[in-house]
Amino acid sequence: MKITNIECLISSDETGSNLVYVRTNTDAGIHGVGEVYHVGPDRASTDWVEYFAEQLVGQDPTEIERNWALCYQGARFPMGSSGLAALSAIDQSLWDITGKALDKPVYELLGGRVRDKIRAYFDIHGESAAELADDARKSVDRGFTALKTSPLPPNWREMRWNDAVSDGVARFRAIREAVGDEIDVGFDAHAAIFEPIRVLELTDALMEYGPWFMEEPIRMENRHEMGRLREKMPCAVATGECLYTKFELWELVREGGVDILQPEICIVGGLTEMRKIAFMAEAHDLVVAPHNPMGPLASVANLHFDAATSNFLVQESRVLKPAEIASVTGVIEPVDGYYPLPEGPGLGIDIVEEELTSKPYRGSWHRGDRVNPDNSIAFI
Amino acid sequence: MKITDITTFHAYDGQRNNIFLEIETDEGITGVGEAYSIGPDTSVISMLDEMRPWFIGQDPGRIEWLIRRTKNTLRFPLGQVGWSAISGIDIALWDIAGKAAGLPVYSLLGGKTRDRVRVYHGIYGDSPDRVAEHALELIDEGYSAFKTSPLPSNWREMPWRRALRMADERMSAIRGAIGDGPDLAVDVHVAIRETARSLELAKVITPYRLMFIEEPARAEFIESSAALRKEFRVALATGENLYGLHRFTELLDADAVDIIQPDMLCCGGLLEAKKIAAVAEAHYVTVAPHNPLGLLSTAAGVHHAASINNFSILEWHGDHRKKKSEFVNESWVPVNGAFELPTQPGIGMTLNHEAIAANPPAHWDRGFATYSDGSPGFL
């Protein structure tokens, strides 16, 4: 079997967010799909897909390790977000092809399934503590046993720090009053707090209600500082979504900067790299909770990883938008707090091309700006 | 598909014993594996017998789950008996998976990364000249990489400075005969306890442009290897004495190694080896699998090597010329110093039951080494 071409399909939804998919075609009539992380300047990723495709056409798609090295080593310079996003999607598509060729779900090519169902946590939101508690209760009523939210109110940047911390504690108290003591509640500071000591103050204050983990407690650039912070953190540190490849995740592990690794399958280097990161984590007695804010295709790719990985902890999940649901042949949603195992062959999901062409690309997606009260630029 | 039985085989090859196993399934597919022959081999067979009911009735495709639950139920660190048993089972499970898929095992481990698997050949002889002659014979056969002991076999009984001088003469004779081109490695075989002495030896032989020095420190204390590597200006290879992902990661995290040498028959098998290779890759470390046992070990090593990007070279001892080659039905012989990749489904080797039955196991042990004062040496 040979790769005949690789297409990048890009589409903008009603909110201005982009869906970027890859479809790898072969001379055997089998094709595979993958999802590109939409990093913002998404046209750059489609250029990368074309660039990699020039090298991959004519290669055997089932030689996944070799094809990965062909792209990675051929780029020479660290390729950064857009290049890795493209490589990640192509890698997923090669696993999809290999699974289809063997008529097996991808997880069966990864040493087989280690679990019967896949625990999910659900992202909850609320402007006020009451709204947040209400969202928590609704999610628990749907069967989720694990939730995640911001540790601070949405407008914390405009608040005095101690007030923001007190409000964060009040929000957590409201969640506990709504759902009880036995629901796992993780917090995502989203790499938005610059000073490590502030995170420590915040987390100490939240400890009364038993946080499950604190995610991206500080910025991700400096792995050494993450390690020093974790030495003092009173709860588990979750991080890793902004790190690239096993090499950067390894730096984090070496610095002792993490309890729960959160690699992103659409940017870390794909399923191949997710596996290697999980092995390294296993060797350090660490667990993996894949980051998952992308579309339904990325979710399914993650589910195959989750099904086959012993040191998997929990899968991030969120509400999919109508355009995302329409863009694929079928989505997998959690039931009673667990995803069912994905079904093959391959990833078991395909692209609905008409949906993407009917919503053509309208331009790069921008995360928006955040500023501090003095109009200096905040982290987002 | 369900596992219906696990059968063990034990055969004497004239030098030591080989331990094989077959896992049978209800779909008529049988997988073959080999476990490390550690000396007290019957304990490995007993361990496999103990594990057997944990596998009967299970789906052989759930390799991670089957091996994980076996390790977890055993709870205590496994040691050589448990790791050997698990490794043999893992290899047989991959053989089944490959046969079921109609693909060679490497195609299920990420696909092939290379077209052939280069080997180095052990070279032996009573004298340095004889070792050199052996290398020259093998060069004529197409081999281009070799490994030998840097020290004479009776070094424990002689003054250390004489042993060093003889190491120098030995390397000089071999390099003089084969030239600087062929890759040449040496194996200290964890026999030197004092790192200072190992360093002295390394300094004497490093000028002979070695591919690596193997096991220059004892394996129990990883810091010894780390201390040596800080000083070495030659590649440090080690790992055959280590089991499993965690122990290899300790070695890698300690900056103690340039080339790891997991043995497919006791490191935990092909899935564990894949994990180990991934961690090594993140440390810029390559993999040169240890491979002194049966032909199935070579086959497992070839599949592993074919599936990883950071493979270095595979150990090989010309086993197609030895009695143990009778225990399998297929004959794998390197061409121009490298194995071509197998294309048959699974591992690509099957057991010759008649030959195995005709060579019942014999007592085997490694023997004992002693220093000149009669105290036990390492070997």
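Residues numbered from 1 in each chain as written. Chains lettered and ligands numbered in written order. Predicted model: local features only at pLDDT ≥ 70, side-chain atom pairs only at ≥ 80, totals over all residues.

Novice: Can you walk me through the overall build of chain A in this structure?
Specialist: Helices and strands together make up the secondary structure of chain A, namely 12 helices and 12 strands. In terms of C-alpha radius of gyration, chain A reaches 20 Å, essentially the compact-globule figure of 21 Å for 380 residues. A principal-axis box enclosing the C-alpha atoms of chain A has dimensions of 60 × 45 × 40 Å. Across the 380 residues that make up chain A, the buried fraction comes to 55%. The contacts of chain A with a sequence gap of at least 6 include a subset with a gap of at least 24, amounting to 73%. (Helix = DSSP H or I, 4+ residues; strand = E, 2+ residues; numbered from the N terminus. Rg over C-alpha atoms; globule rule 2.2 N^0.38 Å. Buried ≥ 20, exposed ≤ 12 C-beta atoms within 10 Å, placed from the backbone. Contact = placed C-beta atoms within 7 Å.)

Novice: Hey, could you run me through the domain arrangement of chain B in this one?
Specialist: Reports of interface size often rely on the accessible area that becomes lost once the parts have come together. All names here are of chain B. Once the domains are mapped, chain B shows domain 1 (3–104) and domain 2 (107–343). Between domain 1 and domain 2, the C-alpha centre-to-centre distance is 26 Å. Contacts between domain 1 and domain 2 engage 29 residues on the former and 26 residues on the latter. For the side of domain 1 that touches domain 2, the secondary structure elements donating two or more residues are strand 2 (17–25), strand 3 (30–35), helix 2 (63–74) and helix 3 (79–101). Ranked by residue count, the leading element in the side of domain 1 that touches domain 2 is helix 3, at 12 residues. (Domains from an automatic or database assignment.)

Novice: Would you mind going over the domain arrangement of chain A with me for this structure?
Specialist: All names here are of chain A. Per the domain assignment, the segments of chain A are domain 1 (3–105) and domain 2 (108–346). Using only C-alpha atoms to locate each centre, domain 1 and domain 2 end up separated by 25 Å. On the domain 2 side, the residues contacting the 30 residues of domain 1 number 27 residues. Listed by contribution, the elements that provide at least two residues to the side of domain 1 that touches domain 2 are strand 2 (18–26), strand 3 (31–36), helix 2 (64–75) and helix 3 (80–102). Per-element accounting of the side of domain 1 that touches domain 2 gives the leading share, 14 residues, to helix 3. Looking at side-chain class alone, the side of domain 1 that touches domain 2 contains 14 nonpolar, seven polar and nine charged residues. (Nonpolar A, V, L, I, M, F, W, Y, C, P; charged D, E, K, R; others polar.)

Novice: It is not clear to me how the nonpolar core should be interpreted in this structure. Could you clarify?
Specialist: Buried together is how nonpolar side chains tend to be arranged in soluble globular proteins. Grouped together as the largest cluster of nonpolar side chains are 236 residues, with contacts concentrated most on Y21(A), F52(A), M280(A), V279(B) and L296(B). Ranked by residue count, the leading element in this core is helix 3 of chain B, at 13 residues. Dropping the residues within four chain positions of it, M280(A) is found in contact with K246(A), L249(A), W250(A), V253(A), A278(B), V279(B) and A282(B). (Core = buried A, V, L, I, M, F, W, Y, C linked by C-beta atoms within 7 Å.)

Novice: Help me out: how do you make sense of the sheet that holds strand 2 of chain A in this one?
Specialist: Strand pairing in a sheet relies on backbone hydrogen bonds. The paired strands run either parallel or antiparallel. Residue and element names in this part refer to chain A. Across the sheet, three strands lie side by side as 1-2-3; this open sheet has antiparallel pairing. Strand pairing shows two members of the sheet lacking a second neighbour, strand 1 (3–12) and strand 3, which therefore form its edges. Each adjacent strand pair in this sheet contributes to an overall mean axis angle of 20 degrees, direction not counted. Where strand 2 lies against strand 3, six bridges are found, and the strand directions are antiparallel. The partner of N25 across the bridge, within strand 3, is H31. Contacts between helix 1 (residues 43–56) and the sheet are confined to strand 1, strand 2 and strand 3, with strand 1 contributing the most and set at about 175 degrees to the helix. Together, strand 1, strand 2 and strand 3 form the strand contacts of helix 3, whose direction differs from that of strand 3 by roughly 150 degrees. (Pairing = 2+ DSSP bridges. Axes fitted to C-alpha atoms, helices over the stretch in contact; angles between N-to-C directions.)

Novice: What is the right way to read the interface of chain A and chain B from this model?
Specialist: With 25 residues of chain A at the contact, the number on the chain B side is 25 residues. When residues of the side of chain A that touches chain B are traced back to their parent elements, those giving at least two are helix 2, helix 8 (245–254) and helix 9 (270–283) of chain A. Taken together, the residues of the side of chain A that touches chain B break down into 11 nonpolar, six polar and eight charged.

Novice: What am I meant to see in the pairing of strand 5 (residues 145–148) of chain B here?
Specialist: Every regular strand shows the same layout, with side chains that alternate between the two sheet faces. Residue and element names in this part refer to chain B. With burial as the criterion, each face of strand 5 is covered, one bearing A145 and K147 and the other bearing F146 and T148. Bridge analysis of strand 4 (residues 116–122) against strand 5 gives two bridges, and the strand direction is parallel. Bridging from a neighbouring strand, H121 pairs with F146 of strand 5. For the crossover that starts at strand 4, traverses helix 4 (residues 128–140) and ends in the parallel strand 5, the hand is right-handed. In this sheet, strand 6 (residues 183–187) lies alongside strand 5 in parallel orientation, the contact comprising four bridges. Paired with T148 across the bridge in strand 6 is V186. (Right-handed = clockwise from strand over helix to strand, strands pointing away.)

Novice: Would you take a moment to explain the pairing of strand 6 (residues 184–188) of chain A for this structure?
Specialist: Residues and elements named next belong to chain A. Burial analysis of strand 6 places four of its five residues in the buried class, the great majority of the element. Taken together, strand 5 (residues 146–149), helix 5 (residues 161–179) and strand 6 constitute a β-α-β crossover, and its handedness is right-handed. Pairing of strand 6 with strand 7 (residues 213–215) involves two bridges; the strand directions are parallel. When the bridges of strand 7 are listed, F187 appears paired with M214.

Novice: I keep staring at the packing of helix 1 of chain A against helix 2 of chain A and nothing clicks. Help me out?
Specialist: In helix packing, the relevant descriptors are the interaxial angle and the interaxial distance, both defined with respect to the helix axes. Residue and element names in this part refer to chain A. Between helix 1 and helix 2, whose axes approach to 10 Å, the crossing angle comes to 125 degrees. Accordingly, the angle class assigned to the pair helix 1 and helix 2 is oblique. Crossing angle aside, the handedness with which helix 1 passes helix 2 is right-handed. Contacts between helix 1 and helix 2 pair F52, Q55 and L56 from the former with N67, L70, C71 and G74 from the latter. A breakdown of the residues in the contact of helix 1 with helix 2 according to their chemical character gives four nonpolar, three polar and no charged. (Parallel < 35°, antiparallel > 145°, perpendicular 65-115°, else oblique. Left-handed = near helix turned anticlockwise from the far one by under 90°.)

Novice: Please clarify how the environment of G301(B) should be interpreted in this entry.
Specialist: All names here are of chain B. Tracing the backbone shows G301 in helix 10 (residues 295–307). Remark: the alpha-carbon pair of G301 and G269, spanning 32 residues in sequence, is separated by 9.8 Å. The residues contacting G301, other than those within four sequence positions of it, are M264, P289, N291 and L314.

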